[in-house]
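# Residue-level structure breakdown
Here are the chains, one letter per residue:
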Amino acid sequence: MVEYSDTEYMVCVAARILEDRKSVFVGTGMPVLAACLAQRLYAPNLVLVFEAGGIAPKLPRIPISVGESATFYKAVMASSMDYVMSLAQMGYVDYGFPWGSTD
């Protein structure tokens, strides 16, 4: 039997919640792990929205923060923090994982 940590379990459960063709506001740490896992396994058309302004990037690797250049890599749009916050405020973002633990 394989043992999983509580953190690993939470990331997996969060990834299963995210649906294909929806959008998610992603934060640093566990939220970005869950969103990337969901995108790779369950929801290939999940749109990741990063607080710093990257919208739907093609992540070459897991970013260490929401402001890292990887969050803009081949993105559909490179916007700003106030723009993505306004998208969330207007209800255009389906899910939100804005912050989380990095351990």
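Procedures and definitions
Residues numbered from 1 in each chain as written. Predicted model: local features only at pLDDT ≥ 70, side-chain atom pairs only at ≥ 80, totals over all residues. Heavy atoms only, no water. Helix = DSSP H or I, 4+ residues; strand = E, 2+ residues; numbered from the N terminus. Rg over C-alpha atoms; globule rule 2.2 N^0.38 Å. Pairing = 2+ DSSP bridges. Right-handed = clockwise from strand over helix to strand, strands pointing away. Patch = residues over 30% accessible without salt bridge, like charges linked within 9 Å, V, L, I, M, F, W, Y side chains within 5 Å. Areas by Shrake-Rupley, 256 points an atom, 1.4 Å probe, with all protein chains shown as cover. Salt bridge = Lys/Arg side-chain N within 4 Å of Asp/Glu carboxyl O. Disulfide = S-S within 2.5 Å. Buried < 20%, exposed > 50% of the residue type's maximum accessible area, 1.4 Å probe, protein only. Polar contact = N/O pair within 3.5 Å; in protein donor to acceptor, adjacent residues only side chain to side chain.

### Notes on the overall build of the protein chain
- A tally of helices and strands in the protein chain yields 3 helices and 5 strands.
- Ordered by position from N to C terminus, the α and β elements of the protein chain give α-β-α-β-β-β-α-β.
- Its C-alpha radius of gyration of 13 Å places the protein chain within 12% of the 13 Å reference for a compact globule of 103 residues.
- Counting only C-alpha atoms, the protein chain reaches 45 × 25 × 20 Å along its principal axes.

### Describing the pairing of strand E2 (residues 47-50)
- Sheet analysis places strand E1 (residues 23-26) next to E2, joined by 4 bridges and oriented parallel. Looking at E2, one finds that Val24 is bridged to Leu48.
- Crossover connection from E1 via helix H2 (residues 30-41) to parallel E2: handedness right-handed.

### Brief notes about a nonpolar patch on the surface
- Together, Tyr9, Val13 and Ile17 make up an exposed nonpolar region whose accessible area comes to about 300 Å².
- When you line up the elements, Tyr9 lands in helix H1 (residues 6-17).

### Side note on the state of the cysteines
- All told, the structure shown has 0 disulfides when counted by the stated rule.
- Of all cysteine sulfurs in the structure, the one in Cys36 sits closest to Cys12, which takes part in no disulfide; the separation is 13 Å.
- When its relative accessible area of 38% is taken as the criterion, Cys12 is described as partly exposed.

### Details of the side chain of Thr71
- Of note, Thr71 is situated in the loop between strand E3 (54-55) and strand E4 (77-78).
- In this structure Thr71 comes out as buried when scored by relative accessible area, which is 0%.
- A distance of 3.2 Å separates a polar side-chain atom of Thr71 from the backbone oxygen of Val66.

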